[in-house]
Amino acid sequence: MANGQPEPDLIIFDCDGVLVDSELLSCRCLSEVLAEFGFDLRVEQALDLFLGRSTAAIGQYYRERGEILPVDFLPRLKARVLETFAGVLQPIPGVSAVLSELKAPRCVASSSDIDRVSLSLNVTGLASHFDSRLYTAQMVKHGKPAPDLFLYAAEKMKADPRRALVIEDSVSGVQAAKAAGMTVWGFVGGSHYHGRDGRAILAAAGADRVFARMSDFWEA
């Protein structure tokens with residue numbers, strides 16, 4: 001393990017932005033669907049506000065500002081995202097090789113719903129690396145940045161949280177992993193970090209290490 005640490009008993013991967021290069025795609029879908037309902041939110045704003053968060057955070061954001069999203073907003077957003085992903089979603093370069101070489105147990109813990117995670121892994125050919133070991137925010141009371149999802153994943157995988165390693169690309173995900181008492185590596189190789197100082201962003205959030213290429217996964 002990097003920095004001379006022992007290899008973990010469990011490696012927990014976030015999905016969006018870590019396994020699949022989906023964050024820009026999903027934020028573009030969000031911006032487009034909001035515009036259809038008369039809400040103005042640029043892609044860059046969507047990244048800043050909702051990267052690593054569940055769709056519940058979108059409704060909460062607007063409620064706090066005295067605005068209510070229409071009841072058909074979330075179904076339309078989900079349909080748009082799934083349609084877009086099915087057509088163009090790509091895996092993060094090099095991630096399949098990393099997963100093939102791992103000896104430690106691994107799972108996915110994502111803020112996205114299970115349909116989106118399953119589609120993402122199937123479309124990109126990564127599903128066989130995880131089988132049914134997929135855990136999402138809909139399975140716990142509080143999503144990221146709360147530690148609930150990572151603790152739930154560790155419990156299901158029968159692992160000590162202190163011996164778990166999380167791979168995350170968002171501030172909320174890093175914060176959630178640290179709150180769970182886990183080691184967390186920040187990954188900034190997704191297209192949503194082009195032109196942004198991802199290293200500084202995730203280091204400031206508390207990441208124990210930040211890296212930008214999956215080929216550097218095990219390097220200190």
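Look up a bit, the structure's there.
A brief report on the enclosed structure follows. None of these values were measured; they are calculated from a predicted model. Counting from 1, residues in each chain are numbered in the order their sequence is written. Restriction of local features to residues with pLDDT of at least 70 applies here, the model being predicted, together with a cutoff of 80 or more for giving and counting side-chain atom pairs; totals for whole chains, interfaces and linings are based on all residues. Side-chain measures here rest on the full set of heavy atoms in the structure, leaving out hydrogens and waters.

### Observations concerning the nonpolar core
Among the buried residues, those of types Ala, Val, Leu, Ile, Met, Phe, Trp, Tyr and Cys that are joined through side-chain atoms within 4.5 Å form a nonpolar core. Burial classes: relative accessible area under 20% of the type maximum marks a residue as buried, over 50% as exposed, and values in between as partly exposed (1.4 Å probe, protein chains only). The biggest cluster of nonpolar side chains holds 76 residues, and the ones touching the most others in it are Phe-13, Leu-19 and Ile-167. Considering every element that reaches this core, the biggest residue donor is helix α1 (residues 23–36), with 7 residues. In what follows, a contact means two residues having at least one pair of non-hydrogen atoms within 4.5 Å. If near-sequence neighbours (up to four positions away) are discounted, Ile-167 is found in contact with Ile-11, Ile-12, Phe-13, Asp-14, Val-18, Trp-185, Phe-187, Phe-211 and Phe-217. A run of H or I in DSSP becomes a helix once it reaches four residues, and a run of E becomes a strand once it reaches two; helices and strands are each numbered from the N terminus.

### Considerations on the pattern of salt bridges
Salt bridge criterion: a side-chain nitrogen from Lys or Arg within 4 Å of a carboxyl oxygen from Asp or Glu. Going through the model one piece at a time under the given rule, you end up with 16 salt bridges. In this structure, Asp-208 engages Lys-178 in a salt bridge whose closest nitrogen and oxygen atoms are separated by 3.0 Å. Placement of the pair is Asp-208 in the loop between α9 (198–205) and β6 (209–211) and Lys-178 in helix α8 (residues 171–179), with a sequence separation of 30 residues. Residues Arg-213 and Asp-216 are paired through a salt bridge, measuring 3.0 Å at the closest nitrogen-oxygen approach. One salt-bridge network, held together by shared partners, links Glu-32, Glu-36, Asp-72, Arg-76 and Arg-80.

### What about the environment of Arg-199?
With respect to the helices and strands, Arg-199 occurs in helix α9. Sequence-wise, Arg-199 and Ser-128 are 71 residues apart; in three dimensions their C-alpha atoms are separated by 30 Å. Setting aside residues no more than four positions away along its own chain, Arg-199 makes contact with Val-188, Val-210, Phe-211 and Ala-212. Looking at Arg-199, its side chain comes within polar contact range of the main-chain oxygen of Val-210, at 2.9 Å. Definition of a polar contact: a pair of N or O atoms within 3.5 Å, with one able to donate and the other able to accept a hydrogen when the atoms are protein atoms, and with sequence-neighbouring residues admitted only if both atoms are side-chain atoms.

### Observations concerning the sheet that holds strand β1 (residues 10–13)
Two strands form a pair only when DSSP identifies at least two bridges running between them. Strand order in this open sheet of 6 strands is β3-β2-β1-β4-β5-β6, and the pairing throughout is parallel. Since the sheet does not close on itself, it has two edges, and those belong to β3 (134–136) and β6, each with one partner. Neighbour-to-neighbour, the strand axes of the sheet open up by a mean angle of 25 degrees, direction not taken into account. Note: strand β4 (residues 164–168) against strand β5 (residues 183–187), 4 bridges, orientation parallel. Every angle, taken between N-to-C directions, lies between 0 and 180 degrees, and every axis is a line fitted to C-alpha atoms, over only the stretch in contact when it is a helix.

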